[in-house]
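Next come the chains, spelled out residue by residue.
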Amino acid sequence: MDARKIRAAVFDIDGTLALMDKDKGTYEALPGAIAALDACRARGIIAVAYTNGTFFPPAHYYPLLADAGLVLAPGHILTPAVVAAQQLKRLGHGRVMVTGSEGTVVPLVEAGIEVVGAGPGAGEVDAVLLAWAREFGLPELDAAAQAVWAGAPVYATSVAPFFAGAGGKRLLGVSGAMAAAIRNATGVEAQVFGKPSVAGLEIIAELTGVAAAETAVIGDDPKLEIRMARRAGALAIGVTTGVSDRAAFEAFAEDERAELVVDRLDGLLDHPVFA
Ligand SMILES: [Mg+2]
């Protein structure tokens, strides 16, 4: 491995820093995660948490993670909804139909985007954004399909099939299920803002002032964090505390594979790449 100077570390949340207990709505820190964030602080490495989930607006994650002992600096927790809001704005989409809930709506509204609920009578929209929602049904899917048939581009916060929950349980990826439904109906593939799109790392590089080449990405999913990191030229580090074991990380071609795989985050920053 090359000896790059790493000045920023982007941690995935679910399966990497912590696991969520969906019944209790709380997080539990994974082994070594608290120590890894402490080590970042001690060495002046900027730590960012970037989840692929959009259950909550970013503001909700700070106390949830802090209760689990994981403390991030203000502005340093990102979700695909934050990335979507910034990128939709750049694309000039001022009026956007959103299938998601508060976790998606809040960052868009904060970015000055007019958010239209997915339902009958939504009117003309510039784009459709498919995102996590606890409840959705035919009216939402139909409204999204109608907008796409009318020519609106379609985006998704994530199309991951599932992610890691407490007790080894897989949690269904809702926006991916919606994107599959829309593709089935319209033939249009949703463009993804969340991982493995590099859109999030672009926003993070602006936040940290650190280029991708000097940024490490740490995650439990080779198809999400590792793919995103390799595409952007960041250092890709896999951790086996979530959805993937070592064999799963190694089952990729060399240029798509994690450059380092660890079983827990303890001592991660003692690796020579962080020297
Ligand atoms: Mg994960």
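Before reading further, recall that the structure is shown in the block above.
Residues numbered from 1 in each chain as written. Predicted model: local features only at pLDDT ≥ 70, side-chain atom pairs only at ≥ 80, totals over all residues. Heavy atoms only, no water.

Draft legend 1. The coordination of the magnesium ion, seen in detail. Only Asp12 (OD), Asp14 (O) and Asp220 (OD) from the protein reach the magnesium ion as donors, at distances of 2.1 Å. Positions of the donor residues of the magnesium ion, expressed as sequence spacing, correspond to D-x1-D-x205-D. A residue pair is termed long-range when its members are at least 10 positions apart, and Asp12 in the loop between strand 1 (8-11) and strand 2 (18-21) and Asp220 in the loop between strand 13 (215-219) and helix 8 (222-232) qualify at 208 residues. There is no split in this pair, since Asp12 and Asp220 are both buried. (Donors = N, O, S within 2.8 Å, 3.2 Å for Na, K, Ca; no water. Helix = DSSP H or I, 4+ residues; strand = E, 2+ residues; numbered from the N terminus. Buried < 20%, exposed > 50% of the residue type's maximum accessible area, 1.4 Å probe, protein only.)

Draft legend 2. Seen up close, the packing of aromatic side chains. Inspection of the entire model under this criterion finds 5 aromatic pairs. Here Tyr155 and Phe193 contribute two aromatic rings whose centre-to-centre distance is 4.9 Å and whose plane-to-plane angle is 15°, an arrangement assigned as stacked. Of the two residues, Tyr155 sits in strand 9 (residues 154-156) while Phe193 sits in the loop between strand 12 (191-192) and helix 7 (199-208), which places them 38 residues apart along the sequence. You'll find Tyr155 and Phe193 in the same group, each marked buried. Among the aromatic residues, those joined into a ring-pair cluster are Tyr27, Phe55, Phe56, Tyr61 and Trp132. Above the plane of the ring of Phe162 lies Arg170, whose end atom (NZ or CZ) is 4.0 Å from the centre. Looking at Lys195, its charged tip hangs above the ring of Tyr50, at a distance of 4.8 Å from the centre. (Phe/Tyr/Trp six-rings, centres within 6.5 Å; stacked < 30°, edge-to-face > 60°. Lys NZ or Arg CZ within 6 Å of the ring centre and 35° of its normal.)

Take it as geometry only, folks, not as evidence of what the structure does.
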